[in-house]
Amino acid sequence: MKNIRLNPKKIISASLVIVLLVTFMPIPQAGAQKANSTVQDTIIALLTSYVPNIIETKTLSGSVTFTHPGTGLSKAMLDNVQSHVRAGDEPWASAFVQFSSYGKSLTTPNPLRCVIGDTEPYDIPSGGNPSAGLNILKNMAQDADTSFAQFIMWYVTGNETYRQNSIGIIRRWMQASSIGSIYDEQIRVSLAVFKFSMTADLLRSSSSTNAEYNWTAADTTTFTNYLNLMKSKYDRFWHFMNQHSMNTMAMIGSAIFRNDASDYALAVQRTTTNPEDGSSYDFADVNNPHNRDGSIISQIRSVTTDVSTGATVPANLQLVEMARDQAHAYDDIGGLSDTAITSYIQGTKVDPVLGTISTAANSVNIFNFLNDRLLYGANYLTKYNLGYDVTYIPTYGNQTATGQIFSAPSTADRGAFHNVFGVLYSYYKYIDKRTDMETNESTKYLTEAFNLIYPEGASQDYIGDSVLLYTLSPITRLQSYNNPTRYLRHSGFRAVIDPNVTPAVDAQFRIVTGLADSKGFSFESVNYPGRYLNVRSNGEVWIDVNDSTTAFKNNATFRRVPGLADSTNYSYQMWTDSTRYLRHSGFQMYAASGTGTIFNSDATFVEVAP
């Protein structure tokens, strides 16, 4: 785990500032530049000619349609990683070189706690701390993370040794025949089940060149038996704070693999409000079980009573477990974020207040639940660890006894940054498309902390390596502002606006770093990579092949400015001529100058998801 420590109150030496500036690359705003020759040579040495593919499927179960794979990572996310690493694009290339250097990512993983190929059933005996049973659970959780790393290495490189290792590890551990009562069993079982469920779904959705390493129906049966055997250890709602979020991680991963709509709904609710602990969220009630749980509403708590005095205070949002120590507070963010990204991939939305699964018009995804409460918690946590003061009102924590008061953030581990908040950061930057991450009070401390650990490294317990896995080249459709049923698309490579675009991918563009200048933007066709929206000499807009000339780069680069007709949307100004904008006329696209209501509306577009 990489920890960057800072002096309190932002006292940082000049030498440290210099080291940070030299060590960490700037976070890309859009698009990609090529890695240096050393990085590219390292990648080339790992690649094979085989390019793995994932087949995405949908399974209807009850009222839930499950997407496979869909725990932690989607096909689109992994294809994004694969294509950019193989192309030598930054930041994916350097992040992959870092990922490939981990012991768990080697063709002979180190450490590896099981014997691949051993198919004998085994028992996990009862025990305390220390005990043989606890050691087995620790080894199982570590190997689950290794199995996941091996799959990522296989999907990028095509080297079948990695897939052999990935599936071999799962096949060994899923032979468990019994499990006893073990000290803190809910922790390691939950972490193992989440990573194994994620990896098993990925293996099931892809194919090897060697049939021996393909996921089979028998594997599904045996792994489902393993999940059911472990279920009594992770299907829980009563554990303390960060351990609660570990249970929900396992619950959601297992439910997706098994297509269990009921368990999935429970996992979502336990993440948002944990209603099984009761319907009252009066945190001034010393006996309220929600004072201990790790749901978003309880852990990132709105405190209105100073329980040390009984005084009513203005509502204050705070991440409660920070009063215990900072390390476990990071666990809260890691666990809740991994569940949130999983539910996002599944397309799940919840009631914005109740947190129950909903399809209502005002429903939101878990990241946005309670007005981005999870984001607030991460920003609050990183603000404190950057050395800033935060307001923390005494509240019940009830960790060791009913009535225990958490009075103030602990200084234990203060100034360290754990590799667990990159998923959250990446969601808001690349999916929610926040453009003010560095300046907005609700995101700027999270951003500052992320810059300090960039590129984010590994996390055994949660999903780390977010620079590699979650840096997305934004794909968007450009919807006409004044003809909202029409979208910019290419037809015979001419740019037009059409309704009912078929195939849909003709209207999808990747927003990348400007070909002429990194401060601008270019639009690359998704289904014709290497072709960009380009203004020809007669003002017509086409998707043309980048010929690498200065003229082409200039004519294919734009400023993304507030919409001329509606400042909440966008207009696209030519990089070399600020008087000309992309606009439609007769449903065809041009770059032109103009004024007035009609022109402004023709030159305004709404960016919408594919």
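The structure presented is a predicted model; accordingly, all values stated were derived computationally and were not measured. (Residues numbered from 1 in each chain as written. Predicted model: local features only at pLDDT ≥ 70, side-chain atom pairs only at ≥ 80, totals over all residues. Heavy atoms only, no water.)

### Considerations on the overall build of the protein
Next, step 1: A count of helices and strands for the protein gives 18 helices and 22 strands.
Next, step 2: Taking 2.2 N^0.38 as the reference for a compact globule, 610 residues should give roughly 25 Å; the C-alpha atoms of the protein span a radius of gyration of 25 Å, in line with that estimate.
Next, step 3: Its C-alpha atoms give the protein principal-axis dimensions of roughly 80 × 65 × 55 Å.
Next, step 4: By the burial criterion, 57% of the 610 residues in the protein qualify as buried. (Helix = DSSP H or I, 4+ residues; strand = E, 2+ residues; numbered from the N terminus. Rg over C-alpha atoms; globule rule 2.2 N^0.38 Å. Buried < 20%, exposed > 50% of the residue type's maximum accessible area, 1.4 Å probe, protein only.)

### Points about the nonpolar core
Next, step 1: Formed by 128 residues in total, the largest nonpolar core has its most connected members in Met-140, Phe-196, Phe-223, Tyr-226 and Met-230.
Next, step 2: Ranked by residues supplied to this core, first place goes to helix H5 (residues 132-157) with 13 residues.
Next, step 3: When near neighbours in sequence (up to four residues on either side) are disregarded, Tyr-226 contacts Met-140, Trp-173, Met-174, Ala-176, Ala-192, Val-193 and Phe-196.
Next, step 4: Grouped together as the second largest cluster of nonpolar side chains are 19 residues, Leu-488, Val-541, Ile-543 and Tyr-572 included. (Core = buried A, V, L, I, M, F, W, Y, C linked by side-chain atoms within 4.5 Å. Contact = heavy atoms within 4.5 Å.)

### Thoughts on the environment of Lys-231
Next, step 1: In this fold, Lys-231 is placed in helix H8 (residues 217-234).
Next, step 2: We classify Lys-231 as buried; its relative accessible area is 17%.
Next, step 3: For Lys-231 and Ala-250, which are 19 residues apart along the polypeptide, the C-alpha to C-alpha distance reads 8.9 Å.
Next, step 4: Discounting chain neighbours no more than four positions away, the residues touching Lys-231 are Met-251, Arg-258 and Asp-263.

### With respect to the pattern of salt bridges
Next, step 1: Across all of its chains, the model carries 27 salt bridges by this definition.
Next, step 2: A salt bridge links Asp-145 to Lys-195; the nearest nitrogen and oxygen atoms lie 2.7 Å apart. One end of the pair, Asp-145, is in helix H5; the other, Lys-195, is in helix H7 (residues 185-204), with 50 residues separating them in the sequence. Lys-195 matches Asp-145 in its accessibility class, with the two residues each being buried.
Next, step 3: Note that Lys-383 and Glu-441 form a salt bridge whose closest N and O atoms lie 3.8 Å from each other. Of the two residues, Lys-383 is situated in helix H13 (residues 369-385) and Glu-441 in the loop between helix H14 (422-431) and helix H15 (444-453); the sequence distance between them amounts to 58 residues. (Salt bridge = Lys/Arg side-chain N within 4 Å of Asp/Glu carboxyl O.)

### A short note on helix H9 (residues 242-258)
Next, step 1: Counted at 1.5 Å a residue, the expected span for H9 with its 17 residues is 24 Å, and the 25 Å between its end C-alpha atoms agrees.
Next, step 2: Following H9 by one or two positions, Asn-259 adopts a phi angle in the positive range, close to 55°. (Expected span 1.5 Å × (residues − 1).)

### Re the side chain of Ser-74
Next, step 1: Topologically, Ser-74 is positioned in the loop between strand S3 (64-68) and helix H3 (75-87).
Next, step 2: Looking at Ser-74, the relative accessible area reads 10%, which means it is buried.
Next, step 3: Among the polar contacts made by the side chain of Ser-74, one reaches the main-chain amide nitrogen of Met-77 at a distance of 3.2 Å.
Next, step 4: The contact partners of Ser-74, leaving out residues within four places of it in the chain, are Pro-69 and Ile-345. (Polar contact = N/O pair within 3.5 Å; in protein donor to acceptor, adjacent residues only side chain to side chain.)

### Some points on the pairing of strand S16 (residues 531-535)
Next, step 1: Burial within S16 is extensive, with five of its five residues counted as buried.
Next, step 2: Relative to strand S17 (residues 541-545), S16 runs antiparallel, the two being bridged by five bridges. Looking at S17, one finds that Leu-533 is bridged to Ile-543.
Next, step 3: Where S16 folds back on S17, the antiparallel hairpin that results is connected by five residues, among which Gly-539 adopts a positive phi of roughly 90°. (Pairing = 2+ DSSP bridges.)

### Some points on unusual backbone geometry
Glycine aside, residues mostly have negative phi, and peptide bonds are mostly found in the trans state.
Next, step 1: The linkage connecting Tyr-454 with the following residue, Pro-455, adopts the cis geometry, with an omega of -5°.
Next, step 2: With respect to the helices, strands and loops of the structure, Pro-455 is situated in the loop between H15 and helix H16 (466-470).
Next, step 3: With phi around 65°, Asp-372 is a residue other than glycine that occupies positive phi space.
Next, step 4: Note that Asp-372 resides in helix H13.
Next, step 5: Here Asp-372 falls in the buried class, since its relative accessible area comes to 17%.
Next, step 6: A positive phi angle is found at Asp-413, which is not glycine, with a value near 70°.
Next, step 7: Summarising the element assignment, Asp-413 is placed in the loop between strand S10 (405-406) and H14.

### So, the pairing of strand S8 (residues 311-319)
Regular strands have side chains that alternate between both faces of the sheet.
Next, step 1: In this structure, strand S7 (residues 300-306) lies alongside S8, joined through six bridges in antiparallel fashion. Across the sheet, residue Asp-306 finds its bridge partner in S8, namely Ala-311.
Next, step 2: Counted along the chain from S7 to the antiparallel partner S8, the turn is four residues long, and its residue Gly-310 has a positive phi close to 85°.

### Here we look at the packing of aromatic side chains
Next, step 1: What the rule picks out here adds up to 27 aromatic pairs.
Next, step 2: Summarising the aromatic geometry, the rings of Phe-223 and Tyr-226 are spaced 5.7 Å apart at their centres and angled 20° between planes, so their arrangement reads as stacked. Linking Phe-223 with Tyr-226, this pair stays in helix H8, spanning three residues, or about one helical turn.
Next, step 3: Residue classification places Tyr-226 among the buried residues on the basis of a relative accessible area of 1%.
Next, step 4: Ring pairing ties together the aromatic residues Phe-196, Trp-215, Phe-223, Tyr-226 and Phe-257, which thus form one cluster.
Next, step 5: Above the ring of Phe-257, the side-chain terminus of Arg-204 is found at 3.9 Å from the ring centroid.
Next, step 6: Against the face of Tyr-487 rests Arg-477, its NZ or CZ located 4.4 Å from the ring centre. (Phe/Tyr/Trp six-rings, centres within 6.5 Å; stacked < 30°, edge-to-face > 60°. Lys NZ or Arg CZ within 6 Å of the ring centre and 35° of its normal.)

### What to know about the packing of H14 against H15
Next, step 1: Where H14 contacts H15, the two axes come as close as 11 Å, and the packing angle between them is 120°. Considering the angle they form, H14 stands oblique to H15. The handedness of the crossing between H14 and H15 comes out as left-handed. Along the contact surface, H14 presents Gly-422, Leu-424 and Tyr-425, while H15 presents Leu-446, Thr-447 and Phe-450.
Next, step 2: Classifying every residue of the contact of H14 with H15 by side-chain character gives four nonpolar, two polar and no charged. (Axes fitted to C-alpha atoms, helices over the stretch in contact; angles between N-to-C directions. Parallel < 35°, antiparallel > 145°, perpendicular 65-115°, else oblique. Left-handed = near helix turned anticlockwise from the far one by under 90°. Nonpolar A, V, L, I, M, F, W, Y, C, P; charged D, E, K, R; others polar.)

### A closer look at the environment of Arg-86
Next, step 1: Relative to the helices and strands, Arg-86 resides in helix H3.
Next, step 2: C-alpha separation for the pair Arg-86 and Ile-43, spaced 43 residues apart in sequence, amounts to 7.5 Å.
Next, step 3: The residues contacting Arg-86, other than those within four sequence positions of it, are Leu-47, Thr-48, Tyr-50, Val-51, Val-156, Thr-157 and Gly-158.
Next, step 4: Looking at Arg-86, its side chain comes within polar contact range of the main-chain oxygen of Thr-48, at 3.2 Å.
Next, step 5: Engagement of the side chain of Arg-86 in a polar contact is seen with the backbone oxygen of Tyr-50, the distance being 2.9 Å.

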